[in-house]
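Each chain, letter by letter, is given below.
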Amino acid sequence: MLRKIRQILAVIGLVLITLLFLDFTGTIQTWFGWMAKIQFLPAVLALNAGIILFLVILTLLLGRVYCSVICPLGIMQDVVSWFSGRRKKKKYRFSYSSEKKWLRYGVLALFIIALIAGAGSFVALLAPYSSYGRIASNIFAPVYRWGNDLLAYFAERVNSYAFYETEVWLKSLPTFIIAVVTFVVLAVLAWRNGRTYCNTICPVGTLLGFLSRFSLLRITIDESKCNRCGLCSRKCKAACINGKAHKIDYSRCVVCMDCIDTCQHGAIQYRLHTKKADIQTHSDEANKGASSKQVDTARRTFLTVTTLFAGTAALKAQEKKVDGGLAVIEDKMIPNRKNPIVPPGAQSARNFAQHCTACQLCVSACPNDVLRPSTDLIKLMQPEMSYERGYCRPECTKCSEVCPAGAILKITTADKSAIQIGHAVWVRKNCIPLTDGVECGNCARHCPTGAIQMVASGTDNPDSPKIPVINTERCIGCGACENLCPARPFSAIYVEGHEIHRTV
């Protein structure tokens with residue numbers, strides 16, 4: 001019964017989290033956006049003390065249920081493993097293996113160092129929620145949208161507008177490749193060995209593993225009922241049950257309950273932990289002493305890691321303060337910006353880089369196709385803004401509403417209209433009035449802040465072609481001028497990002 005409840009909750013959670021990345025209407029985000037905010041690493045980076053405390057208490061009470069019910073990457077691996085287990089000969093394909101402490105703790109140490117140092121790309125590669133977000137955004141979302149476009153095509157043929165077409169395009173080739181490689185590697189590992197990634201690489205799994213050693217409710221083995229058949233070990237996808245020795249490594253147990261349903265003698269239960277029920281105690285005093293020493297070591301390690309994470313959080317806290325004719329229109333090229341543009345609400349490029357987990361949720365939610373993953377090695381996969389396909393509309397605050405990690409703080413439309421994320425720069429050699437001798441003024445007509453005025457290019461000739469003059473104090477860097485400039489392939493006006501945002 002417990003296993004069924006866990007599976008139902010896990011499936012519901014996985015579906016809703018996935019829909020956050022697939023839904024382009026914003027409906028799912030309105031109701032279930034909180035599910036992204038209860039993920040562990042985004043909560044740590046956002047300094048959401050309530051969520052962090054909830055997850056810590058949950059683990060101390062129930063064990064690593066976060067990994068089996070809340071974490072989408074863990075649940076995805078369970079789904080793959082379940083399909084693999086449907087094969088008759090592979091029903092009992094697992095076996096107990098000892099903990100790879102050097103690997104688990106080594107990766108966790110590197111992860112914490114990268115988090116403190118602000119190496120966002122390395123953090124994003126290891127963070128489980130971010131990894132799943134990239135998989136959903138780069139692999140599942142295009143398939144979902146192609147399906148929507150197919151329905152829109154047939155609906156249009158019967159004069160129905162229940163669906164509308166959306167544009168599917170590759171936002172970043174490096175990020176797409178990383179997402180595909182991540183998915184393939186995890187799928188292969190899960191297909192063959194279940195939760196290998198979660199118990200060897202995942203830093204969140206390792207950290208929660210320390211807490212789960214002291215959980216009140218645990219999977220326990222009743223030695224009086226156990227006949228040492230080993231079925232529990234062969235069914236455990238976490239490879240943490242040594243059925244022959246009646247031992248369970250609670251730091252790796254994800255409380256999936258598979259062992260409970262597998263045991264044919266009722267020897268395995270999920271119950272309150274007591275010293276009498278502890279499967280790791282031994283009859284002789286020497287072994288008891290060794291066990292006590294092991295627990296003390298685990299406690300010291302737990303306190304060390306907790307202190308490191310607390311220090312990391314403290315450091316983060318200090319940082320927070322068409323052409324109507326038949327001619328083919330050439331695609332716009334991305335200008336060479338000295339500084340990247342980060343969304344309003346990010347406060348600064350540094351704050352954004354150090355808090356962003358590169359989960360791609362804001363990229364998926366952006367209705368204007370402005371956000372895309374960076375190809376810069378230092379900020380690889382973290383979103384940045386570019387205006388070839390749209391511009392950052394003043395009335396849209398979607399990215400600030402969905403960000404779970406505090407990289408983009410929530411703002412209102414009034415706030416956004418006053419936040420300067422960059423300023424426009426005019427490129428004389430590309431301007432159509434000067435190159436083609438025709439009137440334009442697109443940039444000035446569409447500037448929402450009135451920061452661009454058209455003036456005569458010749459100071460002595462009022463009838464000379466008019467060119468734009470930019471008031472950089474009023475410009476907020478929305479990119480309307482760059483996006484709507486008819487010059488190709490490079491716009492005659494583009495936005496240069498600001499390292500630190502300011503209010504105008």
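No experiment lies behind these values; they were computed from the predicted model shown.

A. View of the overall build of the chain. What the chain contains, in helices and strands, is 22 helices and ten strands. With 504 residues in all, the chain has 52% of them scored as buried. Carbon and sulfur atoms make up 62% of the accessible area of the chain, which totals about 24400 Å².

B. Region of the structure containing the UniProt feature "transmembrane region" (unreviewed entry) in the chain. Taking the numbering used here, the UniProt-annotated feature "transmembrane region" (unreviewed entry) corresponds to residues 6-26, 38-57, 105-127 and 173-191. Secondary structure content for residues 38-57 is 75% helix and 0% strand, and the end C-alpha separation is 13 Å. In residues 173-191, helix accounts for 100% and strand for 0%; the two terminal C-alpha atoms are 27 Å from one another.

C. Focus on the packing of aromatic side chains. Applying the stated criterion across every chain yields a total of eight aromatic pairs. With 5.6 Å between their ring centres and 80° between their planes, Phe24 and Tyr164 make a pair best called edge-to-face. Of this pair, Phe24 sits in the loop between helix H1 (2-22) and helix H2 (27-32) while Tyr164 sits in the loop between helix H10 (128-157) and helix H11 (173-193); the two residues are 140 residues apart in sequence, bridging distant segments of the chain. Judged by its relative accessible area of 46%, Tyr164 is partly exposed. With 5.4 Å between their ring centres and 20° between their planes, Tyr105 and Phe210 make a pair best called stacked. Of the two residues, Tyr105 sits in helix H8 (residues 101-117) while Phe210 sits in helix H12 (residues 203-212), which places them 105 residues apart along the sequence. Residue Tyr105 is classed as partly exposed on the basis of its relative accessible area of 25%. By way of ring pairs, the aromatic residues Phe24, Tyr144 and Tyr164 are connected into one cluster. Residue placement shows Arg218 over the ring face of Tyr250; its charged tip is 4.9 Å from the ring centre.

D. Here's a closer look at the side chain of Gln29. Its location among the elements puts Gln29 in helix H2. Judged by relative accessible area, which is 12%, Gln29 ranks as buried.

E. Structural view of the nonpolar core. Among the nonpolar cores identified, the biggest contains 88 residues, and Tyr66 and Tyr387 are the most heavily contacted of them. By residue number, the principal contributor to this core is H1, which donates six residues. Residues within four places of Tyr387 in sequence aside, it is in contact with Arg337, Ile341, Val370, Cys392, Ile421, Gly477, Cys478, Gly479, Glu482, Asn483 and Val495. Counting residues in each nonpolar core, the second largest holds 14 residues, with Cys431, Ile432, Cys481 and Ile493 among its members.

F. Local environment of the pattern of salt bridges. A full pass over the atoms with the stated rule returns 17 salt bridges. Across the pair Glu388 and Arg337 runs a salt bridge whose closest N-O atoms are separated by 3.9 Å. Taken together, the residues Glu388 in the loop between strand E6 (383-385) and helix H18 (398-402) and Arg337 in the loop between helix H15 (285-319) and helix H16 (349-355) connect sequence positions 51 residues apart. Judged by its relative accessible area of 14%, Arg337 is buried. Residues joined in a network through salt bridges with shared partners are Arg3, Arg6, Asp78, Arg195, Lys237, Asp258 and Asp261.

G. Here's a closer look at a positive patch on the surface. Taken together, Arg87, Lys89, Lys90 and Arg192 make up a surface patch of like positive charges. Within the secondary structure layout, Arg87 lies in the loop between helix H7 (72-85) and H8.

H. Layout of empty space enclosed by the protein. In this structure, the largest cavity encloses a volume near 120 Å³. Taken together, 17 residues line the largest cavity, and the ones lying closest to its centre are Cys366, Cys392, Cys396, Cys399 and Lys416. The dominant element in the lining of the largest cavity, judged by the number of residues it contributes, is H18, at three residues.

I. Layout of H1. Under the 1.5 Å per step criterion, the end-to-end length of H1 is 30 Å for 21 residues, consistent within 8% with the ideal 30 Å. Residues Arg3, Arg6, Ala10, Gly13, Leu14, Leu16, Ile17, Thr18, Leu20, Phe21 and Leu22 constitute the buried set of H1.

J. Quick peek at the confidence of the model for the chain. Here the chain averages 87 in pLDDT, and 89% of its residues register 70 or above. Taken together, the stretch residues 277-288 has pLDDT below 50 and engages in 18 contacts with residues farther than four places along the chain or on a different chain. Low pLDDT, under 50, characterises residues 316-322; the predicted model gives this stretch 19 contacts beyond four residues in sequence or across chains.

K. Representation of unusual backbone geometry within the structure. Of note, the amide linkage connecting Arg488 to Pro489 takes the cis form, showing an omega dihedral of -5°. Structurally, Pro489 is set in the loop between helix H22 (480-484) and strand E10 (493-503). Its identity as a non-glycine residue notwithstanding, Asn159 has a phi of 60°, on the positive side. Asn159 sits in the exposed class, given a relative accessible area of 66%. In this model, Ala239 sits at a positive phi of 55°, which is unusual for a non-glycine residue.

L. Structural context of the packing of H8 against H12. The geometry of H8 relative to H12 is characterised by a closest axis approach of 9 Å and an angle of 110° between their N-to-C directions. On the basis of their axis angle, the class for H8 and H12 is roughly perpendicular. The crossing of H8 and H12 is left-handed. Together, Arg104, Tyr105, Leu108 and Phe111 of H8 and Pro203, Gly205, Thr206, Gly209 and Phe210 of H12 make up the contact between the two elements. Within the contact of H8 with H12, the residues separate by chemical class into five nonpolar, three polar and one charged.

M. Quick look at the pairing of strand E1 (residues 217-221). Within E1, four of the five residues are buried, leaving the element largely enclosed by the surrounding structure. Judged from the five bridges that link them, E1 and strand E4 (residues 268-272) form a sheet pairing that is antiparallel. Directly across from Leu217, in E4, lies its bridge partner Leu272.

N. Spatial organisation of the environment of Ala492. Examined against the element boundaries, Ala492 turns out to sit in the loop between H22 and E10. Relative accessible area serves as the criterion here: at 3%, Ala492 is assigned to the buried category. When the C-alpha atoms of Ala492 and Trp426 are compared, they prove to be 5.9 Å apart, with 66 residues separating the residues in sequence. In this structure, Ala492 is in contact with Val425, Trp426, Val427, Asn430, Cys431, Cys485 and Ala487, ignoring residues within four places of it in sequence.

Conventions we followed
- Residues numbered from 1 in each chain as written.
- Predicted model: local features only at pLDDT ≥ 70, side-chain atom pairs only at ≥ 80, totals over all residues.
- Heavy atoms only, no water.
- Helix = DSSP H or I, 4+ residues; strand = E, 2+ residues; numbered from the N terminus.
- Buried < 20%, exposed > 50% of the residue type's maximum accessible area, 1.4 Å probe, protein only.
- Areas by Shrake-Rupley, 256 points an atom, 1.4 Å probe, with all protein chains shown as cover.
- UniProt positions renumbered as here; feature names shortened; annotations may be inferred.
- Phe/Tyr/Trp six-rings, centres within 6.5 Å; stacked < 30°, edge-to-face > 60°.
- Lys NZ or Arg CZ within 6 Å of the ring centre and 35° of its normal.
- Core = buried A, V, L, I, M, F, W, Y, C linked by side-chain atoms within 4.5 Å.
- Contact = heavy atoms within 4.5 Å.
- Salt bridge = Lys/Arg side-chain N within 4 Å of Asp/Glu carboxyl O.
- Patch = residues over 30% accessible without salt bridge, like charges linked within 9 Å, V, L, I, M, F, W, Y side chains within 5 Å.
- Lys, Arg positive; Asp, Glu negative; His and termini not counted.
- Charge placed at Lys NZ, Arg CZ, Asp CG, Glu CD.
- 1 Å grid on protein atoms, 1.4 Å probe; cavity = no way out; pocket = protein on both sides within 12 Å on 5 of 7 lines; lining within 4 Å.
- Points joined across faces, edges and corners; volume = space filled by probe spheres on them.
- Expected span 1.5 Å × (residues − 1).
- pLDDT = per-residue confidence, 0-100.
- Axes fitted to C-alpha atoms, helices over the stretch in contact; angles between N-to-C directions.
- Parallel < 35°, antiparallel > 145°, perpendicular 65-115°, else oblique.
- Left-handed = near helix turned anticlockwise from the far one by under 90°.
- Nonpolar A, V, L, I, M, F, W, Y, C, P; charged D, E, K, R; others polar.
- Pairing = 2+ DSSP bridges.

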